[in-house]
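One-letter residues, chain by chain:
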Amino acid sequence: MPPPLLPSALSLTARLTVPGRKTDVSDAEWIAKLLRHGLIEPSFVPQADLRELRELTHLRKKQVGELTAKRNRLQKVLECANIKLGTVISDVFGVSGRNLRKRLME
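If you're wondering where the values come from, they're calculated on a predicted model, not measured in any experiment.

Asker: Tell me about the overall build of the protein chain, and name the residues and values.
Answerer: When you go through the protein chain residue by residue, the secondary structure sums to three helices and zero strands. The buried share of the protein chain, reckoned over its 106 residues, is 13%. Sequence separation of 24 or more characterises 31% of the internal contacts of the protein chain that already satisfy a separation of 6 or more.

So, in structure tokens, the structure goes:
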């Protein structure tokens, strides 16, 4: 009797081309056949700490993108109002730029 197979995530990128009519049963048989012959490699499933690090990295990237979009929107609104701070100072969102914007709002 062969050793029992442990459940795992499988990488089936180019291996799941069953000739003929496709059904769930034929797909399952084809996958089982490939698995018995060792033609399917397990997918990489990262450990919990690496998954958490990836999630934090994605969240930070998303928040940086949102911040950039908000800054661009503010600069566009100012330029539409004929206030071109970018030509006067190098960093519109630095300390000097913040002070200038505060004065403009008063």
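Asker: Give a detailed account of the pattern of salt bridges, specifying residues and quantitative values.
Answerer: Any two side chains of opposite charge can pair if their charged atoms end up close together. Taken as a whole and assessed by the stated rule, the structure comprises one salt bridge. Put simply, Glu-106 and Arg-103 hold a salt bridge, and the shortest N to O gap is 3.4 Å. Comparing Glu-106 with Arg-103 shows no difference in burial state: the two are exposed.

Cut-offs applied
- Residues numbered from 1 in each chain as written.
- Predicted model: local features only at pLDDT ≥ 70, side-chain atom pairs only at ≥ 80, totals over all residues.
- Heavy atoms only, no water.
- Helix = DSSP H or I, 4+ residues; strand = E, 2+ residues; numbered from the N terminus.
- Buried < 20%, exposed > 50% of the residue type's maximum accessible area, 1.4 Å probe, protein only.
- Contact = heavy atoms within 4.5 Å.
- Salt bridge = Lys/Arg side-chain N within 4 Å of Asp/Glu carboxyl O.

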